[in-house]
Every structure is written in structure tokens, then in C-alpha cells.
Amino acid sequence: MRPAFSVIFLTTLIGVGQGLFLALFTGQIYSLAKLLPAQDSRVFYATGSAVALTFLVLGLAASVFHLGRPERAWRSAAKWRSSWLSREVIILPITLFLVFLYGALHYFGYTEPLFVIQGSLPVDPTLIVGVLATISTFLLFLCTGMIYASLRFLQEWHSALTVFNYILLGAASGFMLATAYSALLGIHLVGFYGAWAVVLTLAAFISRMASLMRNRTIKRKSSIQSAIGVRHNRIVQESQGFMGGSFNTREFFHGKSRLMLKWVKHGFIVLTFFVPVVLVGIAYRNSSETLALWAFVVQYIGLLMERWYFFADASHPQNIYYQSIA
Amino acid sequence: MTQLALVIDLNVCVGCHACVTSCKEWNTSGWAGPLTDQNPYDADPSGCFFNRVQTYEIGEFPLTETVHFPKSCLHCEDPPCVPVCPTGASYKREEDGIVLVDYDKCIGCKYCSWACPYGARELDEKQKVMKKCTLCVDRLYDETLPESERKPACVLACPTSARLYGDVHDPESDVSVKIREEGGYQLMPEWGTHPANHYLPRRKTRIHIHKDELVRSDNPLEKEKISKLPSSEPTLDDITSW
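Residues numbered from 1 in each chain as written. Chains lettered and ligands numbered in written order. Predicted model: local features only at pLDDT ≥ 70, side-chain atom pairs only at ≥ 80, totals over all residues. Heavy atoms only, no water.

1. Description of the overall build of chain B
The number of helices and strands found in chain B is nine helices and eleven strands. Scaling as 2.2 N^0.38, a compact globule of 242 residues should have a C-alpha radius of gyration of about 18 Å, whereas chain B reaches 25 Å, well beyond that. Each principal axis of the C-alpha distribution contributes one length, and for chain B these read about 85 × 45 × 40 Å. Looking at chain B residue by residue over its 242 residues, the buried ones come to 50%. Long-range contacts, defined as pairs at least 24 residues apart, comprise 56% of the intrachain contacts of chain B with a sequence gap of at least 6. Total accessible area on chain B is roughly 12,300 Å²; 54% of this is exposed by carbon and sulfur atoms. Treating the 27 positive side-chain charges of chain B as one cloud and the 38 negative ones as another, the clouds have centres 3 Å apart. (Helix = DSSP H or I, 4+ residues; strand = E, 2+ residues; numbered from the N terminus. Rg over C-alpha atoms; globule rule 2.2 N^0.38 Å. Buried < 20%, exposed > 50% of the residue type's maximum accessible area, 1.4 Å probe, protein only. Contact = heavy atoms within 4.5 Å. Areas by Shrake-Rupley, 256 points an atom, 1.4 Å probe, with all protein chains shown as cover. Lys, Arg positive; Asp, Glu negative; His and termini not counted. Charge placed at Lys NZ, Arg CZ, Asp CG, Glu CD.)

2. Overview of the nonpolar core
Within the largest apolar cluster, 132 residues are counted, with the highest numbers of intra-cluster contacts made by Tyr148(A), Trp157(A), Tyr321(A) and Trp114(B). When sequence neighbours within four positions are dropped, the list of residues in contact with Tyr321(A) reads Ala227(A), Ile228(A), Gln237(A), Gln240(A), Gln54(B), Tyr56(B), Phe69(B), Lys71(B), Pro117(B), Tyr118(B), Leu187(B) and Met188(B). Counting twelve residues, the second largest nonpolar core, distinct from the first, contains Cys19(B), Ile98(B), Leu100(B) and Cys154(B). (Core = buried A, V, L, I, M, F, W, Y, C linked by side-chain atoms within 4.5 Å.)

3. Topic: the domain arrangement of chain B
If you check the domain split of chain B, you get domain 1 (4-200) and domain 2 (211-241). Relative to domain 2 of chain B, the C-alpha centre of domain 1 of chain B lies at a distance of 57 Å. (Domains from an automatic or database assignment.)

4. Description of the interface of chain B and chain A
Taken together, the contact pairs 55 residues of chain B with 60 residues of chain A. Carbon and sulfur atoms supply 57% of the area that chain B and chain A bury against each other, a total of about 4,800 Å² over both sides. Counting the contacts that link chain B with chain A gives three salt bridges. Here Arg250(A) and Glu125(B) are joined by a salt bridge, their closest N and O atoms 3.2 Å apart. Scanning the region where chain B abuts chain A turns up 38 residue pairs in polar contact (both at pLDDT 80 or more). With seven residues, the top contributor of residues to the side of chain B that touches chain A is strand β4 (residues 51-58) of chain B. Along the lines of polarity and charge, the residues of the side of chain B that touches chain A split into 29 nonpolar, 14 polar and twelve charged. (Buried area = accessible area lost by both parts, 1.4 Å probe. Salt bridge = Lys/Arg side-chain N within 4 Å of Asp/Glu carboxyl O. Polar contact = N/O pair within 3.5 Å; in protein donor to acceptor, adjacent residues only side chain to side chain. Nonpolar A, V, L, I, M, F, W, Y, C, P; charged D, E, K, R; others polar.)

5. Quick word on the confidence of the model for chain B
Residue and element names in this part refer to chain B. For chain B, the average pLDDT comes to 91, and 93% of its residues sit at 70 or higher. The secondary structure element of chain B with the lowest average pLDDT is helix α8 (residues 223-227), at 60, and the one with the highest is strand β11 (residues 198-200), at 98. Reported for the predicted complex are a pTM of 0.91 and an ipTM of 0.92. (pLDDT = per-residue confidence, 0-100.)

6. Quick look at unusual backbone geometry
Residues and elements named next belong to chain B. Note the cis peptide between Phe-61 and Pro-62, where omega equals 5 degrees. Within the element layout of this structure, Pro-62 appears in the loop between β4 and β5 (65-72). Even without glycine at this site, Asp-44 takes up a positive phi of about 55 degrees. Asp-44 gets classed as exposed once you look at its relative accessible area, which sits at 63%. Non-glycine residue Met-188 carries a positive phi angle of around 45 degrees. Turning to its location among the elements, Met-188 is positioned in the loop between α6 (174-181) and β11. A relative accessible area of 0% places Met-188 in the buried class.

7. Observations regarding the sheet that holds strand β1 (residues 4-9) of chain B
Residue and element names in this part refer to chain B. Ordered in space as β10-β1-β11, the three strands form an open sheet in which the pairing is mixed. Both outer strands of the open sheet, β10 (163-167) and β11, are each paired with one neighbouring strand and no more. On average, each strand axis in the sheet is inclined to that of its neighbour by 25 degrees, with strand direction left out of account. Where β1 meets β11, three bridges bridge the pair, whose relative direction is parallel. Considered in β11, the bridge of Val-7 is made with His-198. Each of β1, β10 and β11 is contacted by α6, which is oriented at about 115 degrees to β10, the strand it contacts most. (Pairing = 2+ DSSP bridges. Axes fitted to C-alpha atoms, helices over the stretch in contact; angles between N-to-C directions.)

8. Here we look at the side chain of Ser72(B)
In this structure, Ser72(B) sits in strand β5. Once residues lying within four places of it in the same chain are set aside, the contact partners of Ser72(B) are Leu6(B), Phe50(B), Asn51(B), Ala120(B), Cys133(B), Arg163(B), Asn197(B) and Tyr199(B).

9. Re the environment of Val67(B)
All names here are of chain B. Take Val-67: it is sitting in strand β5. Sequence spacing of Val-67 and Leu-35 is 32 residues, and the spatial spacing of their C-alpha atoms is 28 Å. In this structure, Val-67 is in contact with Leu-10, Gln-54, Thr-55, Tyr-56, Ile-58 and Arg-202, ignoring residues within four places of it in sequence.

10. Describing a nonpolar patch on the surface
Residues and elements named next belong to chain A. Where nonpolar side chains cluster on the molecular surface, the patch consists of Leu-114, Phe-115, Ile-117, Leu-121, Ile-128, Val-131, Leu-132, Ile-135, Leu-139 and Leu-142 and spans about 810 Å² of accessible area. Elements supplying a minimum of two residues to the nonpolar patch: β1 (115-117) and α4 (125-149). By the secondary structure assignment, Ile-117 is in strand β1. (Patch = residues over 30% accessible without salt bridge, like charges linked within 9 Å, V, L, I, M, F, W, Y side chains within 5 Å.)

Okay, structure coming up:
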């Protein structure tokens, strides 16, 4: 497939936004359980939510560039019963709203407990909205992953690993940003978020490597024999029927060399998984304020390459029909 | 239920591309607006087509065979492009099974083209909506046309009648009989899309002649040769009275 930059930015940016929200809320849960010192609502949670919201909105903006007719985008909520894309279109604004509400509640200080469960768990509005936003965030990850995993013809994507990769890579980059965020604010959560970021990055590494290994030995269901229905071992396309360009020859071929694909693959493995883990480790040891930010930036660049490779790696069966110009 | 479809006879197709040009001509001047081209008379031309004729070589020289292979939307009975459409612009008509795109609802997200294993859908780069073969739905029911012309443009254009059109759900229709009796098959059956369009394979008519059938033992001119026949078995002529 041809990697579309609009979709690469959409999926990576909302992944960071979702991950950052999950990181903030995880911090709140830990504070609630008295495992971490409580953070300032306005400085930490409200500002953090604003950063997460910014990433989500940027992702939404990137998605607009993917549409031929963005002015009709509102129509795409119609077929949520059958289309994962439609479901994503619905759940994305819901997530945006809930993250906004979560940040706003923290900003305006609605953190007084409404009631207390069993005398030990004080429930305030931010906790309720946070739980709802967490559910929404995971549903959004599920929808994004299923858009690709549900296409059975694209065998590289048609796997549960696709969904796990979206969840783990998004969460890893979000926790990485949370590490950088707490380091910049100078609060002592670098160790907490850094450890989570490393754990999630390594989990994403295992999951992504599993999908790379799966795709390396994939058995193609379609062949030129089934494509034209002729039973012979040697069939060669002499002409695809035209010499000019067409949608079929543009949309489904990445048009890059094998070597470049290989470099991008090795590049994203190093930049997404290894360099950020090392940088976060050093940042924690040296109590560096900016090194964690670099870890996030490097990981995000790695994720852009990872997403590019994700698309380029997928081979569409329609390509069988477009092997020879004349 | 009706399922209109094409049956394409690969035994007859000569690869002349008349169906391609006829399709483009009809559909670019039809009710749904032009099928746009980019740089049509310049370097690097590109354009939107519903139908293409491809050419394949089967086998290795000298045992080769050329197959011309027309390819357009197959109007699947279980079309994978329809459920993925987020807006409902892609739909399969209940009454005749034609898969269509509502150009006024399509947002041009291209997701349906990813979901079609045959590459039957193209984005019109000018109108920015998805387009595909309509089976000339604007001809089929047009009562201003004489009844013989209420067929897809490609079918009318084909000089060798390699393209047949009809209801593949009616067991007695011409197309159903052809599929049944001439070995009609579907493309990429492994995906379970159940294409409505069928293809008829290349067929060869061979006659199997035994030596006995060429040589008559009662031919006086061949009497000597006959006696030299290696077989000691009685021939057909020995045991039958002609």
C-alpha cells in the first residue's frame, strides 16, 4: 500500500494523545491509592489534559487531509453498525470531549469527593469522567486498529496483533511524553512514568516484532492463477491494459526500493524501541530535565517510520492485476 | 431475487478494447458527470476507467497461449466494499444486485478501494469521489432506448459477443445456462465475495481419432499394407458387417 501521510500523522498523533491521557489518569489512580504524592490539579492534570487534547486535535486535523470531500465528513458517522471507520469517527470526538471535560474539571477544581465507597475510596467528578475517558480511549484504540485488522484481503494487517500494536505503541508514546512532561515541570514522577514508558515500549517491541515475524512468512491466499482463473504454473502478465497512470497503480504500490523498506524497518526498530529506553534511563539517572523530551521526540520519529512501514509492508491482492505495463 | 451481471467468455475475447472505449465514452458523457482524466494529451496521462482489458501469457514457449482478460467490477453478491463505507455511499441495490456509489454522499476516504481485492474501484481525482462500474444502470431501465439497447455499453460494443449480460439468479437465463454448461467460474473465490460476474474458460475442441478409423481394411488399394498391420487382433471391420 502507498503510505498516506495524513493517516500516518492521524494514527500516531492520536496515539500520543490517548497515551498521555492514560498516563495522567494512571497517575491520579496511584495518588488515590496513596502510592504517589498527589499532584496539583491545575498545574499537572489540567495542563496535561490540554497537551493530550492538542495531540488529539492535531490528529483529527491530519485526518481531514485524507478525505477527498472533507466537507461531507459528518456523513461518516452513519454506518457505525458495519464500518470500523464510522465507529472511529464517532468515538474520536467523544474521547476529545471527555479528555476536555477531565481537564476542565481539574482546572476548575471539582475535586471534592461526591461520595465515598466503603469508607476508603473517595469518588470525585474527575474520577468518574476519567474512567469514562479511559474506556473511550481504549475503544478508540480498538477502532483504529480494527480499521486495518478487519480487512481480510490485507493479510499483513488481518491479525489481532495489529490492534495490540496500536494500543501498546500509542500508550508507550503517551507515557514517554508524560515522563518528559513531569521532568519539564520538575515534579518527581520521572521514575514512575519513565518505568511505565519503558515497560510499555518493551511490550510494544515484543508485539511489533511478533507481527513482523508473522508477516515475513505469510502465505498468500491469492495468486495470479486464482486472479484470472487459469490453471497453469506459468502465467505472465503481458499487459495491464493501459500505459498511463491510474488509481490502481498509484494507491496500492509504495514505489520504493526493497533497500529503503529495509532501512525504514531497521530505523523504526532502533528509534521507537531502543534509543528512547536508553535516553529515559539516562534521564532518570542524571535527573535531566530535557533528555526525556528527546526520548519522546526520537520515539515519535520512530513511530512515523513504523507507521510508514506498516502501510508499505502490506501487499494488496489487486496488485496481482498490475504487474506489467506492456 | 434478481442479480444482474456480466458473463465474459475468455474463449471469444480477442482483446480489442472496444468495451473499454465504449464504457469510457458512455460513462464520461452520462448522468453522473465526466470520468475525468489528467493530462490526457500530454506526458504522463492518467484517468478514471471502469473497465480494462488485460493480456496474459499462459505457459512457456512454444506451448504458449494468449488470454485477453476484461476486468471490471464484479458486483459481488457479498461485496466487501459496502459494509466498510462509513457514510453508506456504497450500496448494493436490493432489486437487481448492482453495487453502486452515491456520488453525493461519498467523502472520498478510499477505504472501500482497500476493501476490494479486485481493484475495481477508482478515485476520480477531479470530483474526489469513488467511482466504479455501474453496469450502465442508466441504460438498463431507460425506456427511451429501444429494448435491444437496454444493455451495458460494453456488451453492445463487443464485436465477438464475448460479453453476455443477464440475471444470474434466473436458472433459465442465457447467462445462467452458459455458466452451468460452459464451466463458468468466479475470480478469487478464496475470499468468499461471491462475484456475480462470471468468466467462461478457454475451451478447445479436440477430436480423438483412432488409427482404425482412418484405415479401412476393405480398401483394395491398401490391401497389402493392411496385411502388414502389426496387430494380430481382429479389426472392427473383421467382426462387423458394414
